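Each chain is listed here by its residues.
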Amino acid sequence: MSKYRAAVIGLGYIGLRADIPRKDVPLSHSLAYRLNPHIEFSAAVGVRREQGEQLALIAPETKFYTDLEAMLSEQQLDVISICTPEHVRLELLRTVLSRSQARVLFLEKPVATTVLEAEAIAELVERHRRTVVVNFSRRWSEGVRQIRQVVMSGELGKLTNIHVRYTRGIGNNGSHMFDLIRFAAGPIAQVQVVRQVATNMDGKGDPTFSFLFSLDNGVPGYAEAFDDRHFLMFEMDLYFAKGKIELQRTGDDIRFYTVAKHTSVQGTHLTLKREETNLLARDSLIQLAVEHLVDIAQNGAVPVCTLEDGLCSVYAADALIRSHRNGGAVQSVKTNI
């Protein structure tokens, strides 16, 4: 198998710092590239010289740049990760796509700060005919794939309700939430803000809302927001006619329940059927994502998560902002992309 030359643009937490010091499994784009046998981690772009020193701790052979255009002119790349803040993505992508022939772009979420920027990015990518994979990391989780399979197969009967609990903004964790719901159960069609919850993300212009929603198939849901200054949370419960699924501890634990007669209490009750625990310690989701990028480059594999998926999360966030501005009115989420 060929080796593919890769670069990381943006050496913040997800680009690099998550792995300094090293953890049990890789968490950053940089280390995932460094460890993949089919990737040559050729270059990385940061904004501070000390980031180059940090990069050398895990990838000493990777060339560090502070000048994006110099990197693009000197490096012949196949894969580029873009881990910069979302508000600079559009202009950065204009530069990358005009100055590099990299076939696969691995884009951090959210893809943009506004619908206009996200749609401009989509037009730009289509014009240059590149493949974009968005890092909605739970799409590489075996546990989440099991949830999707149970929903699609009807193993637990009809899906009746969804309850999500989250922290840290509709752009930060919210984008993962929108995509997880879409991937596992179907696209969100309508939202209605119940209240805004103050969090650390307010200072970054990323509001956090508790809100009602409904899927395009009519299944109702409630997303309950919590203050991240108390603790972090990302959980989801899916209720069915014949059971329940719980995603706990950001996806580290997943429990599947079925219904059965209770031995001492009248009626049918939920009974634990099986559970998956410590999922995040078993596999590095970012390593699985990089393996998928290699499969795309080598074999033309269909992307697990596309730019269209990224746009859907931006549309959901935009609908929530409109609902909040309109006093909690129900707002439709754009789905025709």
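Structure first, text after, so check above.
Analysis parameters
- Residues numbered from 1 in each chain as written.
- Predicted model: local features only at pLDDT ≥ 70, side-chain atom pairs only at ≥ 80, totals over all residues.
- Heavy atoms only, no water.
- Helix = DSSP H or I, 4+ residues; strand = E, 2+ residues; numbered from the N terminus.
- Rg over C-alpha atoms; globule rule 2.2 N^0.38 Å.
- Buried < 20%, exposed > 50% of the residue type's maximum accessible area, 1.4 Å probe, protein only.
- Contact = heavy atoms within 4.5 Å.
- Areas by Shrake-Rupley, 256 points an atom, 1.4 Å probe, with all protein chains shown as cover.
- Lys, Arg positive; Asp, Glu negative; His and termini not counted.
- Charge placed at Lys NZ, Arg CZ, Asp CG, Glu CD.
- Pairing = 2+ DSSP bridges.
- Axes fitted to C-alpha atoms, helices over the stretch in contact; angles between N-to-C directions.
- Phe/Tyr/Trp six-rings, centres within 6.5 Å; stacked < 30°, edge-to-face > 60°.
- Lys NZ or Arg CZ within 6 Å of the ring centre and 35° of its normal.
- Salt bridge = Lys/Arg side-chain N within 4 Å of Asp/Glu carboxyl O.

1. A short note on the overall build of the protein
Helix and strand counts for the protein come out as 10 helices and 15 strands. Relative to the 2.2 N^0.38 estimate, which gives 20 Å for 337 residues, the radius of gyration of the protein is 21 Å and therefore close to what a compact globule would have. C-alpha extents for the protein along the principal axes are approximately 70 × 45 × 40 Å. Every one of the 337 residues in the protein was classed for burial, and the buried ones make up 54%. Taking all contacts inside the protein whose residues are at least 6 apart in sequence as the whole, residues at least 24 apart take part in 67%. Carbon and sulfur atoms provide 48% of the accessible area of the protein, an area that totals close to 15,300 Å². Distance between charge centres in the protein, computed from 39 positive and 39 negative side chains, equals 2 Å.

2. So, the sheet that holds strand E13 (residues 253-261)
An order of E14-E13-E12-E11-E7-E10-E9-E8-E15 is seen for the nine strands of this open sheet, with the pairing classed as mixed. Each end of this open sheet is capped by a strand with a single partner; those strands are strand E14 (268-276) and strand E15 (331-332). Two elements, strand E8 (residues 188-196) and E15, share two bridges in a ladder whose sense is antiparallel. Among the inter-strand pairings, glutamine 190 is bridged to a residue of E15, identified as serine 332.

3. Considerations on the sheet that holds strand E1 (residues 4-9)
The sheet built from six strands is open, its strands ordered E3-E2-E1-E4-E5-E6 with parallel pairing. The two strands at the open ends of the sheet, each matched to only one other strand, are strand E3 (63-65) and strand E6 (131-134). Taking each pair of neighbouring strands and ignoring which way they run, the sheet shows an average axis angle of 20°. Note that E1 and strand E4 (residues 79-82) share four bridges and pair parallel. Within E4, the position partnered with valine 8 by the bridge is serine 81. This element, helix H2 (residues 49-58), spans strand E2 (39-45) and E3 of the sheet and lies at about 160° to E3.

4. Re the packing of aromatic side chains
By the definition in use, this model includes five aromatic pairs. An angle of 40° between the planes, with centres 6.0 Å apart, marks the rings of tyrosine 33 and phenylalanine 41 as tilted. By relative accessible area, which is 4% here, phenylalanine 41 ends up buried. An angle of 50° between the planes, with centres 6.2 Å apart, marks the rings of phenylalanine 178 and phenylalanine 211 as tilted. Here phenylalanine 211 lies in strand E9 (residues 209-215) and phenylalanine 178 lies in helix H7 (residues 169-184), a separation of 33 residues in the sequence. Residues phenylalanine 178 and phenylalanine 211 agree in their burial class; the two are buried. What links up through ring pairs into an aromatic cluster is the set Phe178, Phe211 and Phe213. One Lys or Arg, arginine 138, reaches over the ring of phenylalanine 234 and ends 4.0 Å from the middle of that ring. The ring of phenylalanine 256 has arginine 274 lying over it, and the distance from NZ or CZ to the ring centre is 3.9 Å.

5. Considering the pairing of E9
A regular strand places its side chains on the two faces of the sheet in alternate fashion. With respect to burial, E9 is a largely interior element, six of its seven residues being buried. Across seven bridges, the pairing between E8 and E9 is antiparallel. By the bridge assignment, isoleucine 188 is partnered in E9 with leucine 215. By the bridge criterion, four bridges tie E9 to strand E10 (residues 220-225) in an arrangement that is antiparallel. Each residue of the ladder has a partner; that of serine 214, found in E10, is proline 220. Hairpin remark: E9 followed by E10, antiparallel, with four residues in the connecting loop; positive phi at glycine 218, about 90°.

6. Focus on the pattern of salt bridges
Between side chains of opposite charge, a pair can form as their charged atoms come close. This model, assessed by the stated rule, comprises 24 salt bridges. Close ionic contact of aspartate 237 with arginine 165 constitutes a salt bridge, the shortest N to O distance being 3.3 Å. One end of the pair, aspartate 237, is in strand E11 (residues 234-240); the other, arginine 165, is in strand E7 (residues 159-166), and 72 residues separate them in sequence. Both residues of the pair, aspartate 237 and arginine 165, count as buried.

7. Here's the deal with the environment of proline 110
Note that proline 110 resides in the loop between strand E5 (104-107) and helix H5 (115-128). Take proline 110: its relative accessible area is 12%, and that puts it in the buried class. Expressed as a C-alpha distance, the spacing of proline 110 and valine 134, which sit 24 residues apart in the sequence, is 8.5 Å. Once you skip the residues sitting within four places of it in the chain, proline 110 turns out to touch Glu86, Arg89, Gly171 and Ser175.

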